[in-house]
Amino acid sequence: MPKAKAPSPIYELKVTLMDIAPPIWRRFRVPGDMKLCCLHSALQVVMGWTDSHLHMFQKDDVNWGVPEWDEFGDLELNEEGDVRVCDVLKAIGESFRYTYDFGDDWTHEVVLENVQPVASDSKRPVCIAGERRCPPEDVGGPHGYQEFLDAVFDPKHEEFEHYRQWAGKAVHAEEFDMAAVNRKLSRMRWPVRHRR
């Protein structure tokens, strides 16, 4: 009889959106053997993105993503579905970059903060902490987001009405709803099956 595969340890990760102050960050747990394609799905949910743009992982001059989306081959993407988180982050304190939306260029630093034994619910990602809401999609990257914040909270700003209308609802930049994030993560089927 073949031996049952030992369950993967749990990786506690901290993701921080770069070039934003005060920082927007999340702390969450995933199985160490989670594929990078599934980690992408988890990052989209914990950060609050809508998965409507391209993305890429980077560490030590190696890039992972979806190679068929790289029409010109300039990104030299390796298949993210072939690599596990534990293959990239091998020791506490190691990190990699996750870039989302090559136009707005949202760069995230993902750091391995802790490795824990397996828990009963270890197959699903779970968010355990975080601060501040994710910027709106297509706001123009870190610089555009700062312009947006300067205008949307100042009724005297010349772009106030424009940004209020564009945002489409009240803006709550400081709020982070961890319970809503975990509800969304719990409704997803893990591992996530991506189209190829």
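Residues numbered from 1 in each chain as written. Predicted model: local features only at pLDDT ≥ 70, side-chain atom pairs only at ≥ 80, totals over all residues. Heavy atoms only, no water.

(A) Highlighting the overall build of the protein. Regarding its fold elements, the protein presents five helices and eight strands. Ordering the α and β elements of the protein from the N terminus gives β-β-α-β-β-β-α-β-β-β-α-α-α. Its C-alpha atoms give the protein principal-axis dimensions of roughly 70 × 40 × 30 Å. Every one of the 196 residues in the protein was classed for burial, and the buried ones make up 44%. Considering only intrachain contacts with a sequence separation of at least 6, the fraction spanning at least 24 residues in the protein is 63%. Here the protein has roughly 11,100 Å² of accessible surface; of this, 50% comes from carbon and sulfur atoms. Of the side-chain charges in the protein, 25 are positive and 34 negative, and the distance between the mean point of each set is 11 Å. (Helix = DSSP H or I, 4+ residues; strand = E, 2+ residues; numbered from the N terminus. Buried < 20%, exposed > 50% of the residue type's maximum accessible area, 1.4 Å probe, protein only. Contact = heavy atoms within 4.5 Å. Areas by Shrake-Rupley, 256 points an atom, 1.4 Å probe, with all protein chains shown as cover. Lys, Arg positive; Asp, Glu negative; His and termini not counted. Charge placed at Lys NZ, Arg CZ, Asp CG, Glu CD.)

(B) Local environment of helix α3 (residues 141-152). If you check α3, its first and last C-alpha atoms are 16 Å apart, about what 12 residues at 1.5 Å a residue would give, namely 16 Å. Three or more residues of α3 are buried, namely Gly141, Gly144, Tyr145, Phe148, Leu149, Ala151 and Val152. All buried residues of α3 fall inside an arc of 165° around its axis, so they share one side. (Expected span 1.5 Å × (residues − 1). Arc of directions from axis to C-beta.)

(C) Geometry of the side chain of threonine 16. Within the element layout of this structure, threonine 16 appears in strand β1 (residues 10-17). If we ignore the near neighbours within four places in the chain, the residues touching threonine 16 are Pro23, Ile24, Trp25, Thr107, His108 and Glu109.

(D) Spatial organisation of the pairing of β1. Burial runs high along β1: seven of the eight residues are buried. In terms of strand pairing, β1 meets strand β2 (residues 25-31) through seven bridges, oriented antiparallel. Among the inter-strand pairings, valine 15 is bridged to a residue of β2, identified as arginine 26. Across eight bridges, β1 lies against strand β7 (residues 106-116) in antiparallel orientation. Within β7, the position partnered with lysine 14 by the bridge is valine 111. (Pairing = 2+ DSSP bridges.)

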